[in-house]
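If you want the building blocks of each chain, they are given just below.
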Amino acid sequence: SDDVKSAMCVLSCFGASAEFTVIKTLEGALNKNLVDNLDVAVREGLLDKADNVYRFSHDRIQEAAYNMMEMLDRCHLHFFYGMTLAPPADVDTDDSLLLIAANQLNLAGPEAVQDKSQNAVVANLNLRAGKKAMEMSDFVAAYFYFDNGISFLRKKHWEEHYALSLELF
C-alpha cells in the first residue's frame, strides 16, 4: 500500500535501520501511522524488527525506498526529521538522538535552512554532537560535526554568534 511505501521512505532516510523511539517521535510530528505500516513491511519480509530496531532486510530495499523520493524532497525531509528530533535530543540521556538529529540536518545541508534563526540552532547542535564524539574518542566524527556546524554559520557569524563560532573553529 502507499502508506507502507511512505513509512519505508521515512525509515530509508535513516540508512539501514532506525530505533523504535525515533520512528515513534516522527510519527507524532508527521501525523502518520508509521509503526503499524512498518510492521506490515516486517510481515511482508521487507524489514526485520529486533530489539526495538527496524532494519531493512536488504540494502537494495533501503536504496529503492530512498530513491522513490525526489532529491529536493529528501533534502527537506532530512531537515524536518533533524529539527523534529532536536528537542527530544535535549532530554535524551544517552545522546543517541542528538547524533541522529545532527546527522539528519547535515544530510540536508545548509541549503535546506528556511528560517535564518535555524542556522545557529543547527550549528549549535553540531557543536554538541562534535563534543559528544570527542568524549567517545571518535575524532573523525567530531571533525565532521564541527565542520558541518561551521558550514551552517551565516556570513556575520563572528559578530552575531561569537562564542559559538569560536568553539566550532
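Our subject is the structure that appears above.
Residues numbered from 1 in each chain as written. Predicted model: local features only at pLDDT ≥ 70, side-chain atom pairs only at ≥ 80, totals over all residues. Heavy atoms only, no water.

Colleague: Sorry if this is basic, but what is going on with the pattern of salt bridges here?
Modeller: Once the charged atoms of two side chains with opposite charge are near each other, the side chains can pair. Summed over all chains, the structure comprises five salt bridges. Between Glu63 and Arg60 there is a salt bridge whose closest N-O contact spans 3.6 Å. Within this pair, Glu63 and its partner Arg60 are both found in helix H4 (residues 59-67), separated by three residues, close to a single helical turn. Since its relative accessible area comes to 34%, Glu63 is described here as partly exposed. By relative accessible area, which is 58% here, Arg60 ends up exposed. Residue Asp95 is joined to Lys132 by a salt bridge in which the shortest nitrogen-to-oxygen separation is 3.3 Å. (Salt bridge = Lys/Arg side-chain N within 4 Å of Asp/Glu carboxyl O. Helix = DSSP H or I, 4+ residues; strand = E, 2+ residues; numbered from the N terminus. Buried < 20%, exposed > 50% of the residue type's maximum accessible area, 1.4 Å probe, protein only.)

Colleague: What exactly am I supposed to notice about the pairing of strand S3 (residues 53-56) here?
Modeller: It is a general feature of regular strands that their side chains alternate between the two faces of the sheet. Here three bridges tie strand S1 (residues 17-19) to S3, and the two strands are oriented antiparallel to one another. Each residue of the ladder has a partner; that of Ser17, found in S3, is Arg55. Where strand S2 (residues 47-50) meets S3, four bridges bridge the pair, whose relative direction is antiparallel. The residue bridging Leu47 from the neighbouring strand is Phe56, located in S3. From the end of S2 to the start of S3, which pair antiparallel, there are two residues, and Asp51 there has a positive phi angle of about 50°. (Pairing = 2+ DSSP bridges.)

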